[in-house]
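The residues making up each chain are set out below.
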Amino acid sequence: MPRNPRKKVGRKKGYRRFIGRKGKDHSFYNRKKGMIEHPTNDNDSSQVETMKQAQESVSLKDDSLVFHGFGDMEDHKKPARVLSLFDYGISVGRYCLDKLKIAVQCYYSSEIDEKALKLQRYNFGDKVIPLGCIKNITSDMLRSLGNIDILLAAPPCQGFSPANAKRLGLPGENGKLFKELTRILKDLQKINEENNTKLYFLCENVRSMEKEVRAEITRSIGCEPFVHNAKKYGYMKRARLFWNNFPQIEDEENNSNEGGHLGDILSCNRTANVMILPTLTTTYQSQITGKKDRKLPVLDDGKESVLLTVEKERAFGLPTSFTDGADLSIGDRSKLLGQAWCANSMLEIMKPLTKVFKTYD
């Protein structure tokens, strides 16, 4: 018996209709024309003409498809569909995608902080679609969003950082939020597998977390993290762990190449009191450098001073006054910045995605 038997099930005016092994209607063979045609029904010849034109519009050149009138296949990369968890209102992920000129079809964000949401709406309007609390994002909701191409996540780090004497690790509230992240990651991976599409994901947290916590997060996510320090591209030290499957990521663990000088981002008549900033967080104390000879990062008219908010924005690689305009206090703006990703680092990490998704000029 032939490997793929087909049986004739009908004939009409020069056509032979063939049914595949699974009963799927494949084609009609026109004996008069000596060719296979694909009409949807006996009276519909438009699809035949459409398919004929489509076949003629495709040619093979150098083993790659070229679509006449549309350019090379490279020009047909799709816009990205993004889900960002723990967005903190700063929406650095959305900012970096725009900065890299990656076309975004939709950008969903999970955030519950009212001040963060206020800033998010001010900066991005309907370019960011809020989904509310991560705990309310169910599997059914994820399916209703359509296919997600990129998952970005930065769970709160206070519960993992040694700087917090009251940290509880994975058993604490931050650990519970991390479990919600892994749940969503697994659901999206399953959905994308069903749709035969790839999910790119990136999860960030503090490098200084305990080894046991790092090992458990690595086991849950399913890949080893790499270390990236913002000092290579920006004006402050900010070593972070990144679990991801982005292409062409270099491990910065032993890279000591420091970036710009603090004086480059200071306002007029203010000079740098240190070469590079320490890791900036939500507190005033995070700006202090040194253990014995403690000093603030800036000299203003000869007196030590902390960073202005606009200077802190520049240190994070963001535009001047990025956190202004949403009627937030200086303290609120500083807190949101301290929780944010460093845009200088994220731009470098996300740059390989320009080879995957559609970009614009």
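What you see is a predicted model; the values in this text were computed from it and never measured.

Colleague: Help me get a handle on the overall build of the protein chain, residues and values and all.
Modeller: Looking only at helices and strands, the protein chain features nine helices and 17 strands. Every one of the 361 residues in the protein chain was classed for burial, and the buried ones make up 46%. For the protein chain, long-range pairs separated by at least 24 residues make up 62% of all intrachain contacts whose partners lie at least 6 apart in sequence. Accessible surface computed for the protein chain: about 20,200 Å², of which carbon and sulfur atoms make up 49%.

Colleague: Quick one: what's the story with the pairing of strand S12 (residues 200–206), residue by residue and with numbers?
Modeller: Of all the seven residues making up S12, seven are buried; the element is thus mostly covered by neighbouring parts of the structure. Where S12 lies against strand S14 (residues 239–244), five bridges are found, and the strand directions are antiparallel. Bridge pairing in S14 links Leu 202 to Asn 244.

Colleague: I'd like to hear about unusual backbone geometry, residue by residue, with values.
Modeller: Its identity is not glycine, yet Asp 301 carries a phi of approximately 60°, on the positive side. The backbone of Ser 321 shows a phi angle near 65°, a positive value even though the residue is not glycine. Relative to the helices and strands, Ser 321 is located in the loop between helix H7 (309–315) and helix H8 (330–339).

Colleague: Please provide a residue-by-residue account of the packing of aromatic side chains, values included.
Modeller: On inspection of all chains with the given rule, the structure shows five aromatic pairs. The interplanar angle of 70° and the centroid separation of 5.7 Å between the aromatic rings of Tyr 95 and Phe 322 together place this pair among those described as edge-to-face. In this pair, Tyr 95 sits in helix H2 (residues 92–99) while Phe 322 sits in the loop between H7 and H8, placing the two residues 227 residues apart along the sequence. For the pair shown, Tyr 95 and Phe 322 are each scored as buried. Ring geometry for Phe 226 and Phe 242: centres 5.5 Å apart, planes at 25°, overall stacked. Taken together, the positions of Phe 226 in strand S13 (residues 226–229) and Phe 242 in strand S14 put the pair 16 residues apart, joining distant regions of the chain. For Phe 226, a relative accessible area of 7% puts it in the buried group. Sitting over the face of the ring of Tyr 200, Lys 198 holds its NZ or CZ atom 5.2 Å from the ring centroid.

Colleague: Tell me about the confidence of the model for the protein chain, and name the residues and values.
Modeller: When pLDDT is averaged along the protein chain, the result is 77, and 70% of the positions lie at 70 or above. Note on residues 4–73: pLDDT under 50 across the span, and 83 contacts to partners over four residues away in sequence or across chains.

Colleague: Explain the environment of Ile 90 residue by residue, including any values.
Modeller: Among the secondary structure elements, Ile 90 is positioned in the loop between strand S8 (80–85) and H2. Excluding its chain neighbours within four sequence positions, the residues that come into contact with Ile 90 are Leu 119, Phe 124, Leu 318, Phe 322, Thr 323, Leu 336, Leu 337 and Ala 340.

Colleague: How would you explain helix H6 (residues 211–221) if you had to name every residue and give the values?
Modeller: Within H6, the full set of buried residues consists of Val 213, Ile 217, Thr 218, Ser 220 and Ile 221. Projected onto a plane normal to the axis of H6, the buried residues spread over an arc of 165° and lie on a single side. Facing away from the buried side of H6, by more than 90 degrees, are the exposed residues Lys 211, Glu 212 and Arg 219. Once H6 finishes, Gly 222 follows within two positions and takes phi at roughly 95°, a positive value.

Colleague: A description of the side chain of Ser 84 should follow, citing residues and the corresponding values.
Modeller: Considering the arrangement of structural elements, one finds Ser 84 in strand S8. Here Tyr 107 takes part through its side chain, which lies 3.4 Å from a polar atom of the side chain of Ser 84. Excluding its chain neighbours within four sequence positions, the residues that come into contact with Ser 84 are Tyr 107, Tyr 108, Ser 109, Ser 110 and Leu 152.

Colleague: Give a description of the pattern of salt bridges that names residues and reports values.
Modeller: As enumerated under the stated definition, the model contains 13 salt bridges in all. Among the salt bridges present, the one from Asp 327 reaches Lys 118, with a minimum N-O distance of 3.9 Å. In this pair, Asp 327 is assigned in the loop between H7 and H8 and Lys 118 in helix H3 (residues 114–124), connecting sequence segments 209 residues apart. Owing to a relative accessible area of 34%, Lys 118 belongs among the partly exposed residues under this scheme. Residue Asp 300 pairs with Arg 270 through a salt bridge whose shortest N-O separation is 3.1 Å. Taken together, the residues Asp 300 in strand S16 (residues 298–300) and Arg 270 in strand S15 (residues 270–272) connect sequence positions 30 residues apart. Among the residues examined, Arg 270 registers a relative accessible area of 9% and is labelled buried. Among the charged side chains, a network of salt bridges with common partners joins Arg 94, Asp 98 and Lys 127.

Colleague: Which residues make up the state of the cysteines, and what are the values?
Modeller: In total, this model carries zero disulfides according to the counting rule given. Left without a disulfide partner, Cys 203 is nearest to the cysteine sulfur of Cys 223, which lies 8.8 Å away. On the accessibility criterion, Cys 203 (5% relative accessible area) is buried.

Definitions and cut-offs
Residues numbered from 1 in each chain as written. Predicted model: local features only at pLDDT ≥ 70, side-chain atom pairs only at ≥ 80, totals over all residues. Heavy atoms only, no water. Helix = DSSP H or I, 4+ residues; strand = E, 2+ residues; numbered from the N terminus. Buried < 20%, exposed > 50% of the residue type's maximum accessible area, 1.4 Å probe, protein only. Contact = heavy atoms within 4.5 Å. Areas by Shrake-Rupley, 256 points an atom, 1.4 Å probe, with all protein chains shown as cover. Pairing = 2+ DSSP bridges. Phe/Tyr/Trp six-rings, centres within 6.5 Å; stacked < 30°, edge-to-face > 60°. Lys NZ or Arg CZ within 6 Å of the ring centre and 35° of its normal. pLDDT = per-residue confidence, 0-100. Arc of directions from axis to C-beta. Polar contact = N/O pair within 3.5 Å; in protein donor to acceptor, adjacent residues only side chain to side chain. Salt bridge = Lys/Arg side-chain N within 4 Å of Asp/Glu carboxyl O. Disulfide = S-S within 2.5 Å.

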